[in-house]
Amino acid sequence: PDFDSSQFKLFLRDFLAAIFAGPQDKLDSSILAFDSSSKGKTKVIMVVGVNGAGKTTTIGKLATKLTAQGARVVVGACDTFRAAAVDQLAVWCERAGAHMVRAKEGANPSGVGYQALEEALSMKADYCILDTAGRLHTKGNLMDELAKSKKVLQKLDENAPHQTLLVIDAITGQNAMRQAEEFNQTLGLTGLIFTKCDGSSKAGSAIGIVKNLNVPIAYIGVGENVEDLNHFKVDEYLDSLLHITQ
């Protein structure tokens, strides 16, 4: 049959929506909203991504959102090589009323993660969110370091981390796929967060990443304010990507 362009867009939208359906069903709702019935059961969220993707800001926003919902949040500043990132995180945590665990500059990242989880468990915090390094300043391999950090957490809670979220800069395009594959292979990602999704950049790479890795998108970041970390909604994303006006 002959398609006109609006029919083709709707056909394409259905086709793409089907790609998202399976992965998005796997998203754990506890990273989107605090469920007070599970109060005091510490959920560990490990947040990974390369430097410059917006990891620290995203964690600040997430901590703010969850504390505003009544959760007790502990944030571990495990990116110990970047003093500026740690200071930035401290400002976010102070504003949010989240408890932050930091170490001296250059301390062992996995040690900071361990300490943060230890404090979270003793405080009966609802969430322990860990900011991780996005690049190492040593000859070591970043993935090895992250795998070690994950293993260390399991000494305190064998199910930790309960969530491993990858922050991706929406503008990175093709490179994002390689990054995502590598992080997923090492850590087993449970969710994605796309940042800088405003104006020209619509995170077109999202479709390929979700399809290849079978990992859902939790949030998209669209600006600097706390409110700018939005729950990812497939319908809205596809309408915007395909310029469909409802």
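As the structure is a prediction and not an experimental result, all values here were calculated from the model. (Residues numbered from 1 in each chain as written. Predicted model: local features only at pLDDT ≥ 70, side-chain atom pairs only at ≥ 80, totals over all residues. Heavy atoms only, no water.)

> Would you mind showing me how to read the overall build of the protein chain here?
Looking only at helices and strands, the protein chain features eight helices and eight strands. The C-alpha radius of gyration of the protein chain comes to 18 Å, within 12% of the 18 Å expected for a compact globule of 246 residues. The principal-axis extent of the C-alpha atoms belonging to the protein chain is close to 65 × 45 × 30 Å. Scored against the burial criterion, the 246 residues of the protein chain give a buried share of 50%. Restricting the contact set of the protein chain to residue pairs at least 6 apart, pairs at least 24 apart contribute 80%. In the structure as shown, the protein chain presents an accessible area of about 11,600 Å², 50% of it carried by carbon and sulfur atoms. Here the protein chain contributes 26 positively and 28 negatively charged side chains, and the mean placements of these two sets differ by 5 Å. (Helix = DSSP H or I, 4+ residues; strand = E, 2+ residues; numbered from the N terminus. Rg over C-alpha atoms; globule rule 2.2 N^0.38 Å. Buried < 20%, exposed > 50% of the residue type's maximum accessible area, 1.4 Å probe, protein only. Contact = heavy atoms within 4.5 Å. Areas by Shrake-Rupley, 256 points an atom, 1.4 Å probe, with all protein chains shown as cover. Lys, Arg positive; Asp, Glu negative; His and termini not counted. Charge placed at Lys NZ, Arg CZ, Asp CG, Glu CD.)

> Looking at this structure, I do not really get the pattern of salt bridges. What am I missing?
Any two side chains of opposite charge can pair, given that their charged atoms come close. For the structure shown, the criterion picks out seven salt bridges. The partner of R82 in a salt bridge is D79, with the nearest N and O atoms 2.9 Å apart. For D169, the salt bridge goes to K196, with nearest N and O atoms at 3.2 Å. Taken together, the residues span a long stretch of sequence, with D169 in strand 5 (residues 163-169) and K196 in the loop between strand 6 (191-195) and helix 7 (205-213) at a distance of 27 residues. It is possible to trace a salt-bridge network through shared partners that takes in R13, D235 and D239. (Salt bridge = Lys/Arg side-chain N within 4 Å of Asp/Glu carboxyl O.)

> When you look at a nonpolar patch on the surface in this model, what are you seeing that I'm missing?
Together, F3, F8 and F11 give the surface a local cluster of nonpolar side chains, amounting to about 310 Å² of exposed area. Among the secondary structure elements, F8 is positioned in helix 1 (residues 5-25). Judged by its relative accessible area of 40%, F8 falls in the partly exposed class. (Patch = residues over 30% accessible without salt bridge, like charges linked within 9 Å, V, L, I, M, F, W, Y side chains within 5 Å.)

> Can you help me understand the packing of helix 2 (residues 55-68) against helix 3 (residues 83-96) in this one?
Packed helices, taken two at a time, are described by the angle between their axes plus the distance between the axes. Contact geometry of helix 2 with helix 3 gives a least axis separation of 9 Å together with a crossing angle of 15°. One finds that helix 2 runs roughly parallel with respect to helix 3. In this structure, helix 2 meets helix 3 at a crossing whose hand is right-handed. Together, T56, T57, I59, G60, K61, A63, T64 and T67 of helix 2 and A85, Q88, L89, W92 and A96 of helix 3 make up the contact between the two elements. Here the contact of helix 2 with helix 3 is built from residues that sort into six nonpolar, six polar and one charged. (Axes fitted to C-alpha atoms, helices over the stretch in contact; angles between N-to-C directions. Parallel < 35°, antiparallel > 145°, perpendicular 65-115°, else oblique. Left-handed = near helix turned anticlockwise from the far one by under 90°. Nonpolar A, V, L, I, M, F, W, Y, C, P; charged D, E, K, R; others polar.)

> How do you make sense of helix 1 when you look at a structure like this?
One turn of the α-helix equals 3.6 residues, which is why residues spaced by three or four share an orientation. Taking 1.5 Å of rise per residue, the 21 residues of helix 1 would be expected to cover 30 Å, and the 30 Å separating its terminal C-alpha atoms lies within 8% of that figure. Maximal helix bending in helix 1 amounts to about 25°, located at I19; proline P23 follows within four positions. If you check which residues of helix 1 are buried, you get R13, L16, I19, F20, P23 and Q24. Elements that come into contact with the buried residues of helix 1 comprise helix 7, strand 7 (217-221) and helix 8 (234-241). (Expected span 1.5 Å × (residues − 1). Bend = angle between axes of the 7 residues up to and from the residue.)

> Is there a simple way to think about the side chain of T67 in this case?
Of note, T67 is situated in helix 2. Taking the relative accessible area as the measure of exposure, T67 reaches 15% and is therefore buried. Polar contacts involving the side chain of T67 include one to the main-chain carbonyl oxygen of A63, which spans 2.8 Å. With sequence-adjacent residues up to four places away left out, T67 is seen in contact with V73, A96, G97 and A98. (Polar contact = N/O pair within 3.5 Å; in protein donor to acceptor, adjacent residues only side chain to side chain.)

> I keep staring at the sheet that holds strand 6 and nothing clicks. Help me out?
Where strands meet in a sheet, backbone hydrogen bonds hold them as pairs that are either parallel or antiparallel. Taking strand neighbours across the sheet as the criterion, the eight strands line up as 3-2-4-1-5-6-7-8 in an open arrangement whose pairing is mixed. In the strand order of this sheet, the two ends are held by strand 3 (99-101) and strand 8 (229-231), each with one partner. Pairwise comparison of adjacent strand axes, ignoring direction, gives a mean angle of 25° for this sheet. One ladder, built from three bridges, connects strand 2 (residues 73-77) with strand 3; its direction is parallel. What sits directly across from G76, in strand 3, is V101. Contacts from helix 7 reach strand 5, strand 6 and strand 7, with the element oriented near 170° to strand 6. (Pairing = 2+ DSSP bridges.)

> For this particular structure, what's the right way to read the pairing of strand 4 (residues 127-131)?
Two faces belong to every sheet, and in a regular strand the side chains alternate between them. Of all five residues that make up strand 4, five are buried, and the element is covered over most of its length. Here strand 4 shows no split at all, with Y127, I129 and D131 on one side and C128 and L130 on the other all buried. In terms of strand pairing, strand 2 meets strand 4 through five bridges, oriented parallel. What sits directly across from A77, in strand 4, is D131.

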